[in-house]
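What follows is the residue order along each chain.
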Amino acid sequence: MRHAPSHELTLLQGSQAYFPALVQAMAAAQEEILFETYIFDFSASSLAVAQALAQAAQRGVVVRVVLDGLGTRVLPPEWAKRWRDAGVEWRIFEPLGAGGVWFPSRWRRLHRKLCVVDQQLAFCGGINVLDDFHDPHGRQALQQPRLDFAVQCRGPVVQAVHATMTQLWGRMAMAQALRSQQLTAALDIFRETEAVSLPDARGRYRLVLRDNVRHRTDIQRSYLRAIGRARHEILIANAFFFPAPKLRRALARAAQRGVRVRLLLQGYYEYAVPYRAARQVYGQLLSQGIEILEYQASYLHAKVAVIDGRWATVGSSNLDPLSLLLAREANVVVQDAAFAKSLQARLEQAIAQGSQAVDPQVYAQRSAWQRMLDGGAYLLMRLAILLTARRY
């Protein structure tokens, strides 16, 4: 699907589309594969991706994988051996160590999902290496596939993804050299890594990052700018939705201008606290004329939006404090009517077939127990923000 002479973007829905595209790209790789993900599950259809990485390394392709230390704490022993024997290089980002997640300093996670093959083809989105029907929480298999998206890209944005991943790999190598007291090697890696030019978040097709150094607010600002310019319609699908007051105000102002604002959020939820905390702010949003739809068919894991049928984003960033204050995230932002309409069509289908609108009157009449649960979850989320000492 071509959208400009220098760019080619393909929307991928769920692991059922994402994994085959990854495997095909990895099978054709000749020089290098860079891969990052939060969860690598090593079961069911995910094994095809693990095998494709190993096979590429066996052919002599440089394969470098970064996995998050919370989402993927360790590799299964058999796959650690298989990757090692094949020549796959991998690192764990911020291993939890003693104390686990009880220390706020450990909450800075690698949540982005990126891949670059031969500096020619890139992938960005919200899809983990996790089978669409697999429930990692140990419940029965999902009856409907998880709702999530990624985008396959060709063109200049690929170089932005490659530079971003190269810099993270270099910084992790530098940290390892410092821990080993190899100061000269660490200095050499630092010089090489910091010479990498990171993406310029401008243009019609761009990679927008969130990190704890130069790109702290880039993703949130991209949303705020697009919402502020909206004239007709805003459609946001977000798995973990706990927006900052400035984002809630922007949505309310859009609705007051006559913009139709719809939020597609979790109904069949993974974690009770984020779900309940989001429900605590429903009243404020509903009172402004914002429509809220809860996706009931399966887990909603998407982090996407379409505005005025021409601006769209697909990525890993939720609109919650973990994504917007702490995690490393990556979104592709596109100003292209054909791509935006393609994404909107998928969301409209999800709304029609698997969602239920939140009725303002029913919400207002929820029980005292429900109110207590929502309020308690909201306070826990605010406490988490306070512990990180970040403004939100």
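Residues numbered from 1 in each chain as written. Predicted model: local features only at pLDDT ≥ 70, side-chain atom pairs only at ≥ 80, totals over all residues. Heavy atoms only, no water.

### Description of the environment of L247
- Within the secondary structure, L247 is located in helix α7 (residues 245-256).
- Of the residues examined, L247 reaches a relative accessible area of 1% and is grouped as buried.
- Remark: the alpha-carbon pair of L247 and G228, spanning 19 residues in sequence, is separated by 10.0 Å.
- Residues contacting L247, with those up to four places away along its chain left out, are L224, I227 and L319. (Helix = DSSP H or I, 4+ residues; strand = E, 2+ residues; numbered from the N terminus. Buried < 20%, exposed > 50% of the residue type's maximum accessible area, 1.4 Å probe, protein only. Contact = heavy atoms within 4.5 Å.)

### Quick word on the packing of helix α8 (residues 272-280) against helix α13 (residues 368-387)
- Packing of α8 against α13 leaves a shortest axis separation of 7 Å and a crossing angle of 105°. With respect to α13, the axis of α8 lies roughly perpendicular. Contact residues: α8 offers V273, R276, A277, R279 and Q280, while α13 offers Q370, R371, L373, D374, G375, A377, Y378, L380 and M381.
- A class-by-class count of the residues in the contact of α8 with α13 yields seven nonpolar, three polar and four charged. (Axes fitted to C-alpha atoms, helices over the stretch in contact; angles between N-to-C directions. Parallel < 35°, antiparallel > 145°, perpendicular 65-115°, else oblique. Nonpolar A, V, L, I, M, F, W, Y, C, P; charged D, E, K, R; others polar.)

### Overview of the nonpolar core
- Within the largest apolar cluster, 41 residues are counted, with the highest numbers of intra-cluster contacts made by F149, L207, L264, L343 and L347.
- In terms of residues, this core owes the most to one element, helix α11 (residues 337-354), which gives six residues.
- If near-sequence neighbours (up to four positions away) are discounted, L264 is found in contact with L147, I236, A237, N238, L293, Y295, L300, L347, A350, I351 and S355. (Core = buried A, V, L, I, M, F, W, Y, C linked by side-chain atoms within 4.5 Å.)

### Some remarks on the pattern of salt bridges
- The final tally for this structure, using the stated rule, is twelve salt bridges.
- The closest approach of N and O atoms between R112 and E36, which form a salt bridge, is 2.5 Å. Of the two residues, R112 sits in the loop between β5 (89-93) and β6 (113-117) while E36 sits in strand β3 (residues 32-37), which places them 76 residues apart along the sequence.
- Among the residues examined, E36 registers a relative accessible area of 1% and is labelled buried. (Salt bridge = Lys/Arg side-chain N within 4 Å of Asp/Glu carboxyl O.)

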